[in-house]
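# Results of the structural survey
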Amino acid sequence: MANRYIPFGYEIIDAKVEIIEREAEVVRNVFSLYVQGHSLKTIAERLNLLPISYAGDGREWDKNMVKRMLENKKYTGDKDYPVIIPSETAELALQCKDKRGGELSDEDKIKLDTYRLKTCCAICGAKMTRKHAGS
């Protein structure tokens, strides 16, 4: 799997970071859609309809790629990168993210705990547990 060494929307030309305008337009659209209330998954699905891939290798977009893009400060000119996203727009996107990732209500926590207690493997019947990557 290919990795990008510089963020989507940029390339290095003559030892200088330059904007790839076609990709920069995608970045601007991602921020715009997110601020308008679209989910990370919905945005990734829309990106997959375009003839442009994240790493130029044909790989499909996923919500984690979109999330990393929204959190990347280089789009606002950090570390001498050319500005693609105004800092106000990036801040608004982070505020939207904070609102969406809010705390669950006590009622929702009870429902979720009840669901977790009932979840078991359909094959062997063992209780299902959530494993985090790397653990």
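To start, this report covers the structure provided alongside it. (Residues numbered from 1 in each chain as written. Predicted model: local features only at pLDDT ≥ 70, side-chain atom pairs only at ≥ 80, totals over all residues. Heavy atoms only, no water.)

## Description of the overall build of the chain
Note the cut-off: Where helices and strands are cited, they refer to DSSP runs of H or I of at least four residues and of E of at least two residues respectively, numbered from the N terminus. Categorising residues by exposure relies on relative accessible area from a 1.4 Å probe, with only protein chains included: less than 20% of the type maximum marks a residue as buried, more than 50% marks it as exposed, and the intermediate range marks it as partly exposed. Whether two residues touch is decided by their heavy atoms; if any such pair falls within 4.5 Å, the residues are in contact. Using a 1.4 Å probe, accessible areas were evaluated by the Shrake-Rupley method; residue-level cover was limited to the displayed protein chains.
Looking only at helices and strands, the chain has five helices and two strands in total. Ordered by position in the sequence, the α and β elements of the chain form the string β-β-α-α-α-α-α. A burial count over the chain gives 23% of its 135 residues as buried. In the chain, of all internal contacts separated by at least 6 residues, the share reaching a separation of at least 24 is 50%. Roughly 9,800 Å² of accessible area belongs to the chain as shown, and the carbon and sulfur atoms make up 52% of that amount.

## Some points on the pattern of salt bridges
To be explicit about the condition: Salt bridges are defined by distance alone: a side-chain nitrogen of Lys or Arg within 4 Å of a carboxyl oxygen of Asp or Glu.
Within this structure, the stated rule accounts for five salt bridges. Measuring nitrogen to oxygen at the nearest pair gives 3.3 Å for the salt bridge that ties E25 to R28. Of the two residues, E25 and R28 are both situated in helix α1 (residues 21-35); the distance of three residues between them amounts to about one turn of the helix. Among the ionic contacts, a cluster of salt bridges with common partners joins E21, E25 and R28.

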